[in-house]
Amino acid sequence: MNFVNANGATIPALGFGTFRMPGKEVLEVVPEAIKLGFRHIDTAQIYGNEAEVGEAIQKSGAARADIFLTTKVWVDKFRHADFVTSVEDSLKKLRTDHVDLLLLHWPNDAVPLAEQIGALNEVRQAGKVRHIGVSNYNTALMAEAVQLSAAPIVTNQVEYHPYLDQTKVLETARRLGMSVTAYYAMADGKVLSDPVLKDIGSRYGKTAAQVVLRWLVQQDGVVALSKTSTLKRLPENFAIFDFELSAEEMAAIHARSASGGRIVSPAGLAPTWDKAA
């Protein structure tokens, strides 16, 4: 496993995401993912599966200290009192006294950002959270969050795949000492049939999915979230550290990006996204 160092946090570069995974799948797949070697598990309040994630971690037999656990506060809990209570609730569901990384899930300008960042700092100061971060932020919000926070902001979790140019977010994160955590790496399955990615994979005996995960973690300061609900796919998702893409191959994958490549942009939540570089 490789690691990304960002503003004092050491984050496993490959994580296992649980978005849209019902509790039954979490209980079946996550323990096996941990046994295979995954050490970074990502969930969120809105996923509705924190309790099963907590149970799955215990079920795996891995020591809690060996797992890097991330969850996210939903936008309707950003008021200070609601925020603190929601974190306590998450910890109970996750069967732990702390999470390793707590994120603000989406921007919500109905609550002052200073109040949101203040609550993040408060739960960190109380020892309930080791590190804090944001998700789905544009570069202006990233800079504002860093300015408002007493504690380091360690990541911005965003959609990132070969069809979406995130150069501006990546450059801003590096300037601020932050990492970027990539979700939706498979672009809703589009990468699986991409001829360029399949051709690159054939050179290494790898699938297009493995090529994309490798492309992500090979970039400076990028953490990749993988996901599967199929046990037989777990070893494939994890086997990305035994090959290295050339500079030309990395560039060819970057060149797949195009306008209109963004998939996730829910009305009422999404900020004004940065235009491609």
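Conventions we followed
Residues numbered from 1 in each chain as written. Predicted model: local features only at pLDDT ≥ 70, side-chain atom pairs only at ≥ 80, totals over all residues. Heavy atoms only, no water. Helix = DSSP H or I, 4+ residues; strand = E, 2+ residues; numbered from the N terminus. Contact = heavy atoms within 4.5 Å. Polar contact = N/O pair within 3.5 Å; in protein donor to acceptor, adjacent residues only side chain to side chain. Buried < 20%, exposed > 50% of the residue type's maximum accessible area, 1.4 Å probe, protein only. Salt bridge = Lys/Arg side-chain N within 4 Å of Asp/Glu carboxyl O. Axes fitted to C-alpha atoms, helices over the stretch in contact; angles between N-to-C directions. Parallel < 35°, antiparallel > 145°, perpendicular 65-115°, else oblique. Left-handed = near helix turned anticlockwise from the far one by under 90°. Nonpolar A, V, L, I, M, F, W, Y, C, P; charged D, E, K, R; others polar. UniProt positions renumbered as here; feature names shortened; annotations may be inferred. Arc of directions from axis to C-beta. Core = buried A, V, L, I, M, F, W, Y, C linked by side-chain atoms within 4.5 Å. 1 Å grid on protein atoms, 1.4 Å probe; cavity = no way out; pocket = protein on both sides within 12 Å on 5 of 7 lines; lining within 4 Å. Points joined across faces, edges and corners; volume = space filled by probe spheres on them. Phe/Tyr/Trp six-rings, centres within 6.5 Å; stacked < 30°, edge-to-face > 60°. Lys NZ or Arg CZ within 6 Å of the ring centre and 35° of its normal.

## Focus: the environment of Tyr-184
Mapped onto the secondary structure, Tyr-184 falls in the loop between strand 9 (179–183) and helix 7 (195–204). For the pair Tyr-184 and Leu-197, spaced 13 residues apart in sequence, the C-alpha to C-alpha distance is 16 Å. Not counting residues up to four positions away in its chain, the partners in contact with Tyr-184 are Phe-19, Arg-20, Glu-159, Tyr-160, His-161, Ile-263 and Val-264. Separated by 3.5 Å, the side chains of Tyr-184 and Asp-188 make a polar contact.

## A short note on the side chain of Thr-181
In this structure, Thr-181 sits in strand 9. Of the residues examined, Thr-181 reaches a relative accessible area of 3% and is grouped as buried. Once residues lying within four places of it in the same chain are set aside, the contact partners of Thr-181 are Thr-155, Asn-156, Gln-157, Val-158, Val-223 and Leu-225.

## Observations regarding the pattern of salt bridges
In the structure shown here, the tally under the stated rule is 14 salt bridges. Glu-55 is paired through a salt bridge with Arg-95; the nearest N and O atoms lie 3.9 Å apart. Note that Glu-55 is positioned in helix 2 (residues 50–60) and Arg-95 in the loop between helix 3 (80–94) and strand 6 (99–104), a separation of 40 residues in sequence. Since its relative accessible area comes to 32%, Glu-55 is described here as partly exposed.

## As for the packing of helix 4 (residues 113–125) against helix 5 (residues 139–148)
Contact pair helix 4 / helix 5: the axes reach a minimum separation of 9 Å and the direction vectors enclose 55 degrees. Accordingly, the angle class assigned to the pair helix 4 and helix 5 is oblique. Where helix 4 crosses over helix 5, the two elements pack in a sense that is right-handed. For the pair helix 4 and helix 5, contact is made by Leu-113, Ala-114 and Ile-117 and by Leu-141, Glu-144, Ala-145 and Leu-148, respectively. Its residues assigned to classes, the contact of helix 4 with helix 5 shows six nonpolar, no polar and one charged.

## Comments concerning the UniProt feature "domain: NADP-dependent oxidoreductase" (unreviewed entry) in the protein chain
The UniProt feature table records "domain: NADP-dependent oxidoreductase" (unreviewed entry) at residues 14–255. The span residues 14–255 carries 44% helix and 18% strand; its end-to-end C-alpha distance comes to 23 Å.

## Examining helix 10 (residues 247–254)
The set of residues buried in helix 10 consists of Glu-249, Met-250 and Ile-253. Axial view of helix 10: buried residues confined to an arc of 100 degrees, hence all on one face. Along helix 10, exposed side chains directed more than 90 degrees from the buried face belong to Ala-247 and Glu-248.

## Quick look at the nonpolar core
Here is a general trend for soluble globular proteins: nonpolar side chains tend to be buried in one another's company. Judged by nonpolar contacts, the single largest core of 88 residues is most densely connected at Phe-16, Phe-83, Leu-102 and Leu-216. Tallying contributions element by element places helix 8 (residues 208–217) first for this core, with seven residues. Setting aside its immediate chain neighbours within four residues, Leu-102 contacts Thr-71, Lys-72, Val-73, Phe-83, Val-87, Leu-120, Val-123, Val-129, His-131, Ile-132 and Gly-133.

## A closer look at the layout of surface pockets
A water-sized probe rolled over the atoms picks out the places where empty space is left. In this structure, the largest pocket spans a volume of roughly 910 Å³. Taken together, 37 residues make up the lining of the largest pocket; nearest its centre are Phe-19, Tyr-184, Ala-185, Asp-188 and Lys-227. Elements represented by at least two residues in the lining of the largest pocket include exactly helix 8, strand 10 (222–226) and helix 9 (234–238). Per-element tally for the lining of the largest pocket: the top contributor is helix 8, with three residues. Per-class residue counts for the lining of the largest pocket are 19 nonpolar, 12 polar and six charged.

## Thoughts on empty space enclosed by the protein
Tallying each qualifying case throughout the model produces one cavity of 30 Å³ or more. In this structure, the largest cavity occupies an estimated 80 Å³ of space. Residue lining of the largest cavity: 14 residues in total, with Asp-165, Gln-166, Val-169, Arg-262 and Asp-274 positioned closest to the centre. Ranked by the residues each element gives to the lining of the largest cavity, the list is headed by helix 6 (residues 167–176), at three residues.

## Some thoughts on the packing of aromatic side chains
Tallied over the full model, the rule gives nine aromatic pairs. Their ring planes at 55 degrees and their centres at 6.5 Å tell us that Phe-19 and Tyr-184 sit as a pair that is tilted. Separated by 165 residues along the polypeptide, Phe-19 in the loop between strand 3 (14–17) and helix 1 (23–36) and Tyr-184 in the loop between strand 9 and helix 7 bring together distant segments of the chain. We classify Tyr-184 as buried; its relative accessible area is 17%. Ring geometry for Tyr-183 and Tyr-184: centres 6.0 Å apart, planes at 90 degrees, overall edge-to-face. The two residues Tyr-183 and Tyr-184 agree in class, both being buried. One aromatic cluster is present, formed by Phe-16, Phe-38, Phe-238 and Phe-241 through successive ring pairs. The cationic tip of Lys-190 hangs over the ring face of Tyr-163; the distance from NZ or CZ to the ring centre is 4.1 Å. Here Arg-262 stacks its cationic end above the ring of Trp-273, 3.8 Å away from the centre of that ring.

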